Amino acid sequence: MQKVTIDAGFTCPNRDGAKGVGGCTYCNNDAFNPSYCQPEKTVTQQITEGIEFHQKRYRRAKSYLAYFQAYSNTYGSLDYLKSLYDEALSFPGVVGLVIGTRPDCIDDQKLEYFSKLAEKHYVIIEYGIESCYNQTLERINRGHTFEESAEAIRKTAAFGIHTGAHLIFGLQGETEADMLAEAEIVSKLPLDTIKFHQLQIIKGTRMAQDYQDDPTQFNLFTLEGYIDFIVRFTERLNPEFVIERFTGEAPPRFQAGPVWGGLRSDEVQLLIEKEFEKRDTWQGKMIEIAGE
Ligand code: SF4
């Protein structure tokens, strides 16, 4: 099964003025959008082209998840959401939806609609938590609190919908101890999946400007430092969560900060896996030890 990314042309309340303008300081969605994603194309067109694109690399994929990734994919009227998501699910071979959004872009009506879809299809809503600390969220101009993320995740799970979350490590002002402590905090949430991302400085963002002005305010991970950190973090993480990714990977042409020797995400993942083996450790090990 393969994920096919779709840019449905949403914006987000942190960009259009409803919550804020300018968006999160690190955000440049272009850096993460595959080339076949163009919001002026219909959902059907994007899925068709996405499947063609992936068939060259993953010939054995027979079914697909439509991945609505760019911006906030529940930020619109219920009727509009229905038209998009019904269109995606009616595409032959599409068996489910992956929907990325913000915690302030969801309500009971929308959750009810998604929970109906979830009776017949795989549906997961992924929330960008990014940090468990409100001070950090304010600094990066996120426009919502950690409590709002936690509440949205609890509600989504209570509606019987799979829930995912996203965290960024290396944000200004957070120490390694702060970040490690997040493992315990997120472990209590009813999540099915989780994605991690080392902070990358992306060209054209407010953060890139801040970095240029004063790089010493950043404490970006080296590759070795991140491998050490992420292994220790995972040892403290709820073993029930499926980790979907350990690192993010923006194309080098978008990077305005240090890069890890041009290594791809899958190469970094191999190094992380080797480190787990070397230390003879695993996800949730510290929780097991504490419970003994
Ligand atoms: S990261 Fe997400 S929430 Fe933040 S500005 Fe970009 S699209 Fe909006």
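For the structure itself, consult the block above.
Residues numbered from 1 in each chain as written. Predicted model: local features only at pLDDT ≥ 70, side-chain atom pairs only at ≥ 80, totals over all residues. Heavy atoms only, no water.

A. Quick look at the nonpolar core. Tyr85, Phe114, Phe169 and Phe196 are the most contacted members of the largest nonpolar core, which has 78 residues in total. With seven residues, the single largest contributor to this core is helix 8 (residues 223-235). (Core = buried A, V, L, I, M, F, W, Y, C linked by side-chain atoms within 4.5 Å. Buried < 20%, exposed > 50% of the residue type's maximum accessible area, 1.4 Å probe, protein only. Helix = DSSP H or I, 4+ residues; strand = E, 2+ residues; numbered from the N terminus.)

B. Geometry of the environment of asparagine 219. Within the fold, asparagine 219 resides in the loop between helix 7 (206-213) and helix 8. The class for asparagine 219 is exposed, based on a relative accessible area of 61%. Taking the C-alpha atoms as reference points, asparagine 219 and glycine 170, 49 residues apart in sequence, are found 6.4 Å from one another.

C. Structural detail: the pattern of salt bridges. Summed over the entire model, instances satisfying the criterion amount to 16 salt bridges. In this structure, the salt-bridge partner of glutamate 249 is arginine 264, at a minimum N-O distance of 2.7 Å. You can see glutamate 249 sitting in the loop between strand 7 (242-245) and helix 9 (265-279) and its partner arginine 264 sitting in the loop between strand 7 and helix 9, a full 15 residues away along the chain. By relative accessible area, glutamate 249 is classed as partly exposed at 31%. Of the charged contacts, one joins glutamate 275 and arginine 279 as a salt bridge, the two residues approaching to 2.8 Å between their closest N and O atoms. Of this pair, glutamate 275 and arginine 279 both sit in helix 9, four residues apart, which is roughly one turn of that helix. On the basis of relative accessibility, which here comes to 29%, the residue arginine 279 falls in the partly exposed class. Here the salt bridges share partners, and the residues they tie into one network are Glu176, Asp228, Arg232, Glu275, Lys278 and Arg279. (Salt bridge = Lys/Arg side-chain N within 4 Å of Asp/Glu carboxyl O.)

D. Spotlight on helix 8. If you check helix 8, its first and last C-alpha atoms are 19 Å apart, about what 13 residues at 1.5 Å a residue would give, namely 18 Å. Of the residues making up helix 8, those classed as buried are Leu223, Tyr226, Ile227, Phe229, Ile230, Val231, Phe233, Thr234 and Glu235. For helix 8, the elements touching its buried residues are strand 5 (162-169), helix 6 (176-187), strand 6 (193-198), strand 7, helix 9 and helix 10 (285-291). (Expected span 1.5 Å × (residues − 1). Contact = heavy atoms within 4.5 Å.)

E. Highlighting the sheet that holds strand 2 (residues 64-68). The strand order 1-2-3-4-5-6-7 describes an open sheet built from seven strands, whose pairing is parallel. In the strand order of this sheet, the two ends are held by strand 1 (2-6) and strand 7, each with one partner. Ignoring which end each strand starts from, the neighbouring axes of this sheet average 25 degrees apart. Relative to strand 7, strand 6 is paired through three bridges, and the arrangement is parallel. Bridging from a neighbouring strand, isoleucine 194 pairs with isoleucine 243 of strand 7. (Pairing = 2+ DSSP bridges. Axes fitted to C-alpha atoms, helices over the stretch in contact; angles between N-to-C directions.)

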